[in-house]
Amino acid sequence: MDLRIAVLPGDGIGVEVVDASMRVLDVVARKFGHKVHAEFADVGWAAIDKHGTALPASTREICQRNSAILFGAVGLPDRDQTLPQKERPERVALLELRKGLFANLRHVLLPPGLASRCPLKMELIKGGIDIMIIRELTGGLYYGQPQGISGASPDRKAIDTLAYSEQEISRILKVGFETARKRRKRLTSVDKANILATSQLWRELATAMGKQYPDVRLEHMYVDNASMQLLRRPSDFDVIVTENTFGDILSDEASMLAGSIGLVPSASLGEPGAPSVPFYEPIHGSAPDIAGQNKANPVATILSVAMMLNYTFGLSKEAAAIEKATFGVLNAGNILTGDLGGKATCSEVTDAVIAGL
Ligand SMILES: NC(=O)c1ccc[n+]([C@@H]2O[C@H](COP(=O)([O-])OP(=O)(O)OC[C@H]3O[C@@H](n4cnc5c(N)ncnc54)[C@H](O)[C@@H]3O)[C@@H](O)[C@H]2O)c1
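Everything numeric in this text was worked out from a predicted model, so none of it was measured.

Caption draft 1: Local environment of the overall build of the protein chain. Of regular secondary structure, the protein chain possesses 13 helices and 12 strands. A compact globule built from 357 residues would reach a C-alpha radius of gyration of about 21 Å, and the protein chain, at 20 Å, matches this within 12%. Seen through its principal axes, the protein chain has C-alpha atoms that stretch 55 × 50 × 40 Å. In the protein chain, which comprises 357 residues, the share counted as buried stands at 50%. Sequence separation of at least 24 residues holds for 75% of the intrachain contacts in the protein chain that already meet a minimum separation of 6. When the accessible surface of the protein chain is totalled, it reaches about 16,100 Å², and 53% of it is carbon and sulfur. Between the mean site of the 39 positive side-chain charges and the mean site of the 41 negative ones, the protein chain shows a separation of 4 Å.

This is how it looks when you write it as structure tokens:
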């Protein structure tokens, strides 16, 4: 198969971790008889310095003509401060490239060999942690209108609008059920149906859709309870599906359970056949404190490549091979980067994953 990918390393460690994951992808592609067509493009400060904008037209074009985008990270805090909020690379590049991608998936998996890195007590995590969080990404409070601050102090008023259509809710719930069906067949739908109208509609639609998925065990949970249960009994969660704001908060909370921010991959997906291009990235930023030193943990980006093979190209065996080799290295525990208490470099971890392949 021809794997056509737009590759956007961006800033800071984005460059190192994307380079590492492309090395892994090349090896997997060769092993399974695929051909990688990678088109590299500038984004973030790397693009501002060359083209005067964080997202040049040439980068958009490259993204549009490929089947998937592999993204590193953008933003450098010292330089970001010199720009107004809405012109900063994270806003300009990410918002634009993720337009239309309504499903954000984060895979939080604690390798058993790294259990001691999890902030929870051993007795709470002995059942393991393997959670797929699915967050609605294009609706809800972040986009609802009206939104803004009006009036003069001391009588100013601020308003945000939480709105969801039936169609927006149904399409993300479907991603939730389909994902659960391919995993351990448990879906937790998180809402606040005791208070919010959007959540009442959400729960009604989730219950109705559940009838089409009799093999998936559906559970409803209020968001306040979900935030507590994630810390109390994380092993009981398989797939979580929720709206934008709740997902933003819960996915950050859950990411901590993986042991390091350097381990969590993500995918942002749109409707099949829609013009938006699926977007794969580690959840971490550009980490300027360790950039350019070969210290970054490449695992989150390598696992993002595995998600890309799975979701965009339907290559589940290839994805599984990457995951097996990566978790093999993590569980062995002797070649780890600094964020996991080790001394290995980004390149050494990547070499070990490749050796495992
Ligand atoms: N999607 C994105 O492009 C994205 C996401 C988050 C932050 N950012 C941007 O990145 C810049 C830095 O942000 P930040 O410092 O708040 O968050 P960060 O994720 O870059 O770093 C937070 C801490 O985690 C460490 N860390 C992160 N990833 C690591 C990895 N792979 N291996 C080892 N250690 C790792 C860093 O060294 C740092 O100490 C900012 O400009 C921010 O706007 C971009």
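Caption draft 2: How the structure looks around the site of the ligand. Around the ligand, the surrounding shell holds 23 residues, and the nearest of these are Asp80, Glu90, Gly285, Ala287 and Asp289. Here Gly285 contributes a backbone N or O atom positioned 2.8 Å from an oxygen atom of the ligand. In the environment of the ligand, an oxygen atom lies 3.1 Å from a nitrogen or oxygen atom belonging to the backbone of Ser286. Contact with the protein chains hides 73% of the accessible area of the ligand, taken as 810 Å² for the molecule alone. Of all elements in the fold, only strand E3 (68–73), helix H4 (77–80) and helix H5 (89–97) reach the threshold of two or more residues within the shell around the ligand.

Caption draft 3: Structural detail: the nonpolar core. Counting 52 residues, the largest nonpolar core has Ile5, Leu25, Leu105 and Leu309 as its most contacted members. Taken together, domain 1 (1–118 + 261–357) and domain 2 (141–258) each give at least three residues to this core, which thus spans both. Sequence-distant contacts of Ile5, that is, excluding residues within four places in its chain, are made with Leu25, Val36, His37, Ala38, Glu39, Asn66, Ala68, Leu70, Met308 and Phe313. Among the nonpolar cores identified, the runner-up in size contains 33 residues, and Met221, Leu250, Val299 and Leu303 belong to it.

Caption draft 4: Summary view of the environment of Arg30. With respect to the helices and strands, the residue Arg30 is situated in helix H1 (residues 13–32). With 212 residues separating them along the chain, Arg30 and Thr242 place their C-alpha atoms 38 Å apart.

Caption draft 5: Representation of the environment of Val353. Checked against the element boundaries, Val353 lands in helix H13 (residues 346–356). On the accessibility criterion, Val353 (0% relative accessible area) is buried. Residues Val353 and Ile302 lie 51 residues apart in sequence; the distance between their C-alpha atoms is 9.2 Å. If we ignore the near neighbours within four places in the chain, the residues touching Val353 are Val24, Ile302, Ala325, Thr326 and Val329.

Caption draft 6: Representation of the sheet that holds strand E4 (residues 103–110) within the structure. Ordered by their spatial adjacency, 10 strands build an open sheet running E2-E1-E3-E12-E11-E4-E5-E10-E8-E9, and the pairing between neighbours is mixed. For this open sheet the edge positions go to strand E2 (35–40) and strand E9 (217–222), each flanked by a neighbour on one side alone. Each strand of the sheet is rotated relative to its neighbour by a mean of 25°, with strand direction disregarded. For E3 and strand E12 (residues 279–282), the ladder comprises 2 bridges, and the chain directions are parallel. Bridging across to E12, Leu70 finds its partner in Tyr280. Where helix H9 (residues 223–232) meets the sheet, it contacts strand E5 (129–136), strand E8 (186–191), E9 and strand E10 (239–242), and its direction lies at approximately 105° from that of E9. Strands in contact with helix H10 (residues 244–255) are E4, E5, E8 and E10; relative to E5, the strand with the most contacts, it is inclined by about 155°.

Caption draft 7: How the structure looks around the domain arrangement of the protein chain. By domain assignment, the protein chain separates into domain 1 (1–118 + 261–357) and domain 2 (141–258). Computed over C-alpha atoms only, the centres of domain 1 and domain 2 are separated by 26 Å. Counting residues at the interface gives 16 residues for domain 1 and 13 residues for domain 2. With both sides pooled, the region where domain 1 packs onto domain 2 buries about 1,100 Å², and carbon together with sulfur makes up 61% of that total.

Caption draft 8: Focus on the side chain of Thr301. Along the chain, Thr301 falls in helix H11 (residues 299–311). Residue Thr301 is classed as buried on the basis of its relative accessible area of 0%. Dropping the residues within four chain positions of it, Thr301 is found in contact with Val17, Val18, Ser21, Leu70, Pro282 and His284.

Caption draft 9: Representation of the pattern of salt bridges in the model. In the structure shown here, the tally under the stated rule is 19 salt bridges. Among the ionic pairs, Glu281 bridges to Arg98, the shortest N-O distance being 2.6 Å. One end of the pair, Glu281, is in strand E12; the other, Arg98, is in the loop between H5 and E4, and 183 residues separate them in sequence. What makes Glu281 buried here is its relative accessible area of 7%. Look at Arg98 and you get partly exposed, because its relative accessible area is 23%.

Caption draft 10: Molecular detail of the packing of H11 against helix H12 (residues 316–332). Where H11 contacts H12, the two axes come as close as 7 Å, and the packing angle between them is 160°. When the axis of H11 is compared with that of H12, the two are roughly antiparallel. H11 and H12 meet at a crossing whose hand is left-handed. In this structure, H11 uses Val299, Ile302, Leu303, Val305, Ala306, Leu309 and Asn310 to contact H12, whose residues at the interface are Ser316, Glu318, Ala319, Ile322, Glu323, Thr326, Phe327 and Leu330.

Cut-offs used in this document
- Residues numbered from 1 in each chain as written.
- Predicted model: local features only at pLDDT ≥ 70, side-chain atom pairs only at ≥ 80, totals over all residues.
- Heavy atoms only, no water.
- Helix = DSSP H or I, 4+ residues; strand = E, 2+ residues; numbered from the N terminus.
- Rg over C-alpha atoms; globule rule 2.2 N^0.38 Å.
- Buried < 20%, exposed > 50% of the residue type's maximum accessible area, 1.4 Å probe, protein only.
- Contact = heavy atoms within 4.5 Å.
- Areas by Shrake-Rupley, 256 points an atom, 1.4 Å probe, with all protein chains shown as cover.
- Lys, Arg positive; Asp, Glu negative; His and termini not counted.
- Charge placed at Lys NZ, Arg CZ, Asp CG, Glu CD.
- Near = heavy atom within 4 Å.
- Polar contact = N/O pair within 3.5 Å; in protein donor to acceptor, adjacent residues only side chain to side chain.
- Core = buried A, V, L, I, M, F, W, Y, C linked by side-chain atoms within 4.5 Å.
- Domains from an automatic or database assignment.
- Pairing = 2+ DSSP bridges.
- Axes fitted to C-alpha atoms, helices over the stretch in contact; angles between N-to-C directions.
- Buried area = accessible area lost by both parts, 1.4 Å probe.
- Salt bridge = Lys/Arg side-chain N within 4 Å of Asp/Glu carboxyl O.
- Parallel < 35°, antiparallel > 145°, perpendicular 65-115°, else oblique.
- Left-handed = near helix turned anticlockwise from the far one by under 90°.

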